[in-house]
Structure formats: structure tokens, C-alpha cells
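The chain contents come next:
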Amino acid sequence: MKTSQSNTNMCQVKFLLMFFVVAFTSLKVSAQLNPMGSAYFSNQYLINPAMAGLKEQLNLTAAIRQQFSSIPGSPFSQAFTADYGFTSRAAVALLVYNDRAGVLRNTHASGTFAYHLPLGASDKLSFGISLGVANDQINNSEVNGDINDPDLMDVNRRETYIDGDFGTAYTSGGLQVQIALPNMKHLFEKDSYEVADRSIFFSAISYRLTTGLGILEPKIAYRGIEGYHNIFDIGANLELEAGTIHKRP
């Protein structure tokens, strides 16, 4: 029994080590390519509209992330979300997001409707669609050069545009499979300018395991990026249960 428990604890440690290694490695990617870590576990609505209002309650979240704070123009992100499941099947949500990296700044606000269709005792199929407005700008105060450069001025002449996201998720017991299509504007209207960091799809699979310490959820995500290599994210989340940490005599 002691050997079995030791092996279980060793597996949990390996999962945690893998999570931290991947988390620190992902810091090499720019802010636009690297979503807030909470999007993978604690606030999945940030990356998939189908995850809004999974419970019949109001959830309010706010997050701030500053990377490489000692470097001028370092990535800085702010996000606020509110989601409310007004029935066991239907939910509405709101997302406000501001992302700044160097001279580039993106502001986004959208509303979401999600529907959760029960398929059985523990099976559920969720759909979510978001519609909102976004604006891309160059912060002239951060420009080290001629702010009257025609290319810079053209960027700031861009009008606020309408954009949308769609997502779906399937859950069965501890299994969860997700697919999301963010920034859907490019599917219907070709941009007059090129981008190299726009997310074109998100997919993930995870499984919640009950352990002696609590709930362990390993997850693998695969993201498509326009003008860039697609990205694999691998990690795990451990939810400790009260009373599981104590000193042995």
C-alpha cells in the first residue's frame, strides 16, 4: 500500500513539474500569442465562449498580467469578465480586454450567449457565440522615431471594427473537449493589412482525475496562429481539498 501511494504521489509531482516547465517556457512567446494562464483552467470563458455560465450563478473576474516589467514596452494585459447562467442551459456573458505590447495596443469588448445541452447523466454539449467591437492602435507616446510616418498614421486611421468568436465544448464525466474559432472577422472579410499573430483556432482536451490530494486536471491545447507556427500547450491544474495537507506524526 505504501509503494502504491508513493507511486501516486510521484505521478502527481511529475504532472506539476511538467506544468511549471511549460508555463515558464511559454514566456518566450509574445503577449498576443500567449493568452492569460487563467484561460486554460480557472476562467476558460476568456478563450472559449462556450464555457460561459456553466453554473447557475453570477461570476465576476478581473485579471492583470505584466511580463518582463523591467523592459520598456513590455507586454501588459487587462481583462474583465462577467458571466451569468440564468438557467441550467442558457447563459450570457461580457468580456472587456485590453492588450498592450510595445507601441501596439488592442482593445476588445464583446457580449456572449451560451447554450448547454444535456445529453445524459454526465454528458453535455455546449455552444457559445460572442459579438463585439475591437480597435487596434499604435501608441504614439511609445514611438521612438517620426510619429508622422505615413505607415504609423495609416494604422491609427483604422476604424473600430466588429468581430466575433464561436466555440463548442463536450464534457462527459471528467473528459472535456473544446474547439473555438476566435477573431472570425477574417473568415468573412479579408483585411487590407497583414497580421502575424492572430489566433485562428483553439482546441483542447483534458481529463479531471480524483487523487488523494484533490482534483488533478492535465490538459493539452493546440492553437493555430496566422503567420506563425501553430502552438502546443501542455499543463496541469491541481485543486487541493481542504484538510489534505497536514503533518504526519
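Below you will find a few notes about this structure. On a predicted model such as this, the values are computed, not experimentally measured, just so you know.

### As for the overall build of the chain
Check the secondary structure of the chain and you find three helices and eleven strands. When the helices and strands of the chain are listed from N to C terminus, the series reads α-β-β-β-β-β-α-β-β-α-β-β-β-β. Across the 249 residues in the chain, those meeting the buried criterion constitute 38%. Taking contacts inside the chain between residues at least 6 apart in sequence as the whole, the part at least 24 apart equals 53%. Summing over all exposed atoms, the chain offers an accessible surface of approximately 14700 Å²; the carbon and sulfur share of this is 61%.

### Focus: the pattern of salt bridges
One pass over the structure, following the stated rule, counts three salt bridges. One salt bridge connects glutamate 239 with arginine 208, and the closest N-O pair in it is separated by 3.3 Å. Pair noted here: glutamate 239 is in strand S11 (residues 231–240) and arginine 208 is in the loop between strand S8 (198–207) and strand S9 (209–210), with a separation of 31 residues, a long-range link. Glutamate 239 sits in the partly exposed class, given a relative accessible area of 34%. The partner of aspartate 233 in a salt bridge is arginine 223, with the nearest N and O atoms 2.8 Å apart. In this pair, aspartate 233 sits in strand S11 while arginine 223 sits in strand S10 (residues 214–226), placing the two residues ten residues apart along the sequence. For the residue pair aspartate 233 and arginine 223, the accessibility class agrees, reading buried in each case. Each of the salt bridges in this network shares a partner with another, and the network as a whole consists of Arg208, Glu217 and Glu239.

### What to know about the side chain of threonine 81
By the secondary structure assignment, threonine 81 is in strand S2 (residues 76–85). Only 3.1 Å separates the side chain of threonine 81 from the side chain of asparagine 43, close enough to count as a polar contact. Contact partners of threonine 81, with chain neighbours within four places excluded, come to Asn43, Tyr45, Leu46, Asn59, Leu60, Thr61, Leu94 and Leu95.

### What to know about the environment of asparagine 183
Following the sequence through the fold, asparagine 183 ends up in the loop between strand S7 (175–181) and helix H3 (185–188). Of the residues examined, asparagine 183 reaches a relative accessible area of 24% and is grouped as partly exposed. Measuring from C-alpha to C-alpha, the distance between asparagine 183 and phenylalanine 166 comes to 8.8 Å, with 17 residues separating the pair along the chain. Aside from chain neighbours lying at most four places away, what touches asparagine 183 is Asp163, Gly164, Asp165, Arg198 and Ser199.

### A look at the packing of aromatic side chains
Here the structure, examined in full by the defined rule, presents three aromatic pairs. Seen from their ring centres, tyrosine 40 and phenylalanine 202 are 6.4 Å apart, and the 50 degrees between their planes marks the pair as tilted. Residue tyrosine 40 is located in the loop between helix H1 (2–25) and strand S1 (58–66), and its partner phenylalanine 202 is located in strand S8; the two are separated by 162 residues in the primary sequence. On the basis of relative accessible area, phenylalanine 202 is assigned to the buried category, the value being 3%. When the centroid spacing of 5.6 Å and the interplanar angle of 50 degrees are considered together, the rings of phenylalanine 201 and tyrosine 222 count as tilted. Pair noted here: phenylalanine 201 is in strand S8 and tyrosine 222 is in strand S10, with a separation of 21 residues, a long-range link. For tyrosine 222, a relative accessible area of 28% corresponds to the partly exposed category.

Reading the values: the criteria
Residues numbered from 1 in each chain as written. Predicted model: local features only at pLDDT ≥ 70, side-chain atom pairs only at ≥ 80, totals over all residues. Heavy atoms only, no water. Helix = DSSP H or I, 4+ residues; strand = E, 2+ residues; numbered from the N terminus. Buried < 20%, exposed > 50% of the residue type's maximum accessible area, 1.4 Å probe, protein only. Contact = heavy atoms within 4.5 Å. Areas by Shrake-Rupley, 256 points an atom, 1.4 Å probe, with all protein chains shown as cover. Salt bridge = Lys/Arg side-chain N within 4 Å of Asp/Glu carboxyl O. Polar contact = N/O pair within 3.5 Å; in protein donor to acceptor, adjacent residues only side chain to side chain. Phe/Tyr/Trp six-rings, centres within 6.5 Å; stacked < 30°, edge-to-face > 60°.

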